[in-house]
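Next come the chains, spelled out residue by residue.
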There are 2 protein chains.
Amino acid sequence: MAGPRSLPLLGPACCAPLVRAPLDAATAADLARTLKALADPARLRLLSMVAAHDGGEACVCDLTEPLGLTQPTVSHHLKVLVDAGLLTRDKRGVWAYYALVPGALDAVAAVLSSQTAPVG
Amino acid sequence: MAGPRSLPLLGPACCAPLVRAPLDAATAADLARTLKALADPARLRLLSMVAAHDGGEACVCDLTEPLGLTQPTVSHHLKVLVDAGLLTRDKRGVWAYYALVPGALDAVAAVLSSQTAPVG
DNA sequence: CCGACGCATTGACAGCCGTCTATGCATGGG
DNA sequence: CCCATGCATAGACGGCTGTCAATGCGTCGG
């Protein structure tokens, strides 16, 4: 099991834009891991649905029906997003609330963009 | 075969950030296709190597050795990036020169970011 | 205490993906 | 005219991935 990883893009080696200099193998592998978590229609929709939901958080039962996927599949995708450092999981009572990790998506965008985008 | 697709992110429906409103299935599928092309260590390194190369372009023979992959594999990855609208291919004589599509990566970054990043 | 509910985990299966070797196809030099 | 060179394509194969049905596990209400 990989276990929860901290998003390397938020670390000190954060702001080296892709187009500046050739990526070394390790950096490319880290960035690819994060992008792989994003590169799925269901997960992209989950991210946007969580972000747009009331209070910036949503539980699985809010997401299953509009997505048109079964509950285990939704749980699986949410786990992938949490492990990638893009979502947080907060279990309150019977429900598990998911929310965006602030700045995580912006960090990915900053690496892809040739601009030095301020995250704040 | 899918054939070369124009990058939908550069179209009129360009600047709807992921976190603003829930993505519909079609938009999510389009964005996922582009991200899937990016979500590979070899392709990320290829993009950065092409961008950082002299004149902003590089041929396959420039990329094969530093990547540590065989020539057919490199050609395959480059084709994926071209089909995704991230690279251009210009065959001159025996060589095939690849270059970044201006603004393509920035367009992807703009969709991911919560900022309204100016592309220019 | 027990049943219903919300969610995670497991196991299974089809399909896609990254890589290689082998081969084909132009182009240019001698 | 022929061979070397640079690149693309074809075919094969192991591994990963997205999905589902079935099941397990806490938590709350009655």
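Thresholds, definitions, all that
Residues numbered from 1 in each chain as written. Chains lettered and ligands numbered in written order. Predicted model: local features only at pLDDT ≥ 70, side-chain atom pairs only at ≥ 80, totals over all residues. Heavy atoms only, no water. Contact = heavy atoms within 4.5 Å. Salt bridge = Lys/Arg side-chain N within 4 Å of Asp/Glu carboxyl O. Helix = DSSP H or I, 4+ residues; strand = E, 2+ residues; numbered from the N terminus. Nonpolar A, V, L, I, M, F, W, Y, C, P; charged D, E, K, R; others polar. Near = heavy atom within 4 Å. Polar contact = N/O pair within 3.5 Å; in protein donor to acceptor, adjacent residues only side chain to side chain. Least-squares fit on C-alpha atoms with pLDDT ≥ 70 in both.

A. Representation of the interface of chain A and chain B. Listed as interface residues are 37 residues of chain A and, on the opposing side, 37 residues of chain B. At the boundary of chain A with chain B, the tally comes to 0 salt bridges. Of all the secondary structure elements, the ones that give two or more residues to the side of chain A that touches chain B are α1 (25–38), α2 (41–52) and α5 (104–112) of chain A. Considering only residue class, the side of chain A that touches chain B consists of 26 nonpolar, 5 polar and 6 charged.

B. Molecular detail of the protein's contact with DNA strand D. Inspection of the region around DNA strand D gives 23 residues, with A:His77, B:Gln71, B:Ser75, B:Arg89 and B:Tyr98 positioned closest. In the interface set of DNA strand D, defined as its atoms within 4 Å of the protein, sugar plus phosphate atoms amount to 74%. Note that a phosphate oxygen of DNA strand D is positioned 2.8 Å from one of the side-chain N or O atoms of A:Arg43. B:Arg89 places a side-chain nitrogen or oxygen 2.7 Å from a phosphate oxygen of DNA strand D. Elements that contribute at least two residues to the surface near DNA strand D include exactly α4 (71–83) of chain A together with α3 (60–67), α4 (71–83) and β3 (95–100) of chain B. When grouped by side-chain class, the residues that make up the surface near DNA strand D number 11 nonpolar, 7 polar and 5 charged.

C. Structural context of the relation of the copies chain A and chain B. In screw terms, the move from chain A to chain B is a rotation of 180° and a rise of 0.0 Å along the axis, fitting with an RMSD of 0.0 Å. The two molecules are tied by a two-fold rotation axis, judged by turn and shift. The rotation axis passes nearest to the C-alpha of A:Ala109 in chain A, at a distance of 2.1 Å. Interface overlap between copies is the fraction of interface residues in one copy that are interface residues in the other; for chain A against chain B it reaches 100%, indicating a shared surface.

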